Amino acid sequence: MGSQGSAMLEPTRQDLPPVEPAALSTSLVYRLAPGYEAVGDARRFTRSALRDRGLSDRFDDVGLVVSELVTNALRHARPAAAPGSAVPAVRLQLMFSDFRLVCAVRDPGDSALISDAWSAPRPAVPAETMESGRGLHLVDALSEGWGWHPVAGAGGGKVVWALFSFPRRLPLCAA
């Protein structure tokens, strides 16, 4: 990639890609535990959803993207809970339509902090010796596109999503 980075790493659009309600065959939501064990749980949930639709061959790419999105939400976006209060949840949503899958991770982070382009989720420029900081680079490389948007109203936060396309029509329901 070179030292100047890539313009391809900018989110393709801020809002979720349009999903026609008539084309949406399934929307699955999984509320994740507050710890990093949630990454493995999210991968298992995703593997099962893909297997049920005959898409097990796509798990390597989709599973890695889901892992990165969930890890980022857990690492960077969850506010600390006050003692005795519930830890705000991170949610994974898989939206299957005829030929596409949108993987969306909603976190309860402060959406006011991401209200401008300077504070939006964006790929880091990691040092070669760093073991982290490459997550959104992987999301960009493995998905057809990705983006984010703040969530207005109660709970706030943001949704970071990645889009995958498939060469064949997906079944209308789980097997």
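Residues numbered from 1 in each chain as written. Predicted model: local features only at pLDDT ≥ 70, side-chain atom pairs only at ≥ 80, totals over all residues. Heavy atoms only, no water.

Draft legend 1. Region of interest: the nonpolar core. Residues Leu69, Val70, Leu92, Leu94, Leu101 and Phe164 are the most contacted members of the largest nonpolar core, which totals 31 residues. Counting only elements with at least two residues in this core, the list comes to α1 (37-52), α2 (59-77), β2 (90-96), β3 (100-107), α3 (135-142), β4 (145-150) and β5 (158-165). With eight residues, α2 is the largest single contributor of residues to this core. Apart from the residues lying within four places of it in its own chain, the contact partners of Leu69 are Cys103, Val105, Leu136, Val139, Val160, Trp161 and Ala162. Core analysis: the next-biggest nonpolar cluster, separate from the first, contains seven residues, Met95, Val102, Ala104 and Val151 among them. (Core = buried A, V, L, I, M, F, W, Y, C linked by side-chain atoms within 4.5 Å. Buried < 20%, exposed > 50% of the residue type's maximum accessible area, 1.4 Å probe, protein only. Helix = DSSP H or I, 4+ residues; strand = E, 2+ residues; numbered from the N terminus. Contact = heavy atoms within 4.5 Å.)

Draft legend 2. Highlighting the sheet that holds β2. Read from one edge to the other, the open sheet built from five strands follows the order β1-β2-β3-β5-β4, with strand pairing classed as antiparallel. Both edges of this open sheet fall to β1 (26-32) and β4, since each of them pairs with a single strand only. Pairs of neighbouring strands in the sheet enclose a mean axial angle of 15°, with direction left out of account. Taken together, the eight bridges between β3 and β5 define a ladder with antiparallel strand orientation. Bridge assignment links Cys103 to a residue of β5, and that residue is Ala162. (Pairing = 2+ DSSP bridges. Axes fitted to C-alpha atoms, helices over the stretch in contact; angles between N-to-C directions.)

Draft legend 3. Here's a closer look at the pattern of salt bridges. As enumerated under the stated definition, the model contains two salt bridges in all. When the shortest N-O distance is used, the salt bridge between Asp41 and Arg44 registers 2.7 Å. Of this pair, Asp41 and Arg44 are both found in helix α1, three residues apart, which corresponds to roughly one turn of the helix. The salt bridge involving Asp107 is made with Lys158; its shortest N-O contact spans 2.7 Å. With Asp107 in strand β3 and Lys158 in strand β5, this pair connects stretches of sequence that are 51 residues apart. Each member of the pair, Asp107 as well as Lys158, is classed as buried. (Salt bridge = Lys/Arg side-chain N within 4 Å of Asp/Glu carboxyl O.)

Draft legend 4. Spatial organisation of the confidence of the model for the protein chain. When pLDDT is averaged along the protein chain, the result is 75; 59% of the residues meet or exceed 70. For the protein chain, the element scoring lowest by mean pLDDT is β4, at 86; α1 scores highest, at 96. Taken together, the stretch residues 1-9 has pLDDT below 50 and engages in nine contacts with residues farther than four places along the chain or on a different chain. Between residues 114-119, whose pLDDT stays under 50, and residues either more than four places distant or in other chains, the model counts seven contacts. (pLDDT = per-residue confidence, 0-100.)

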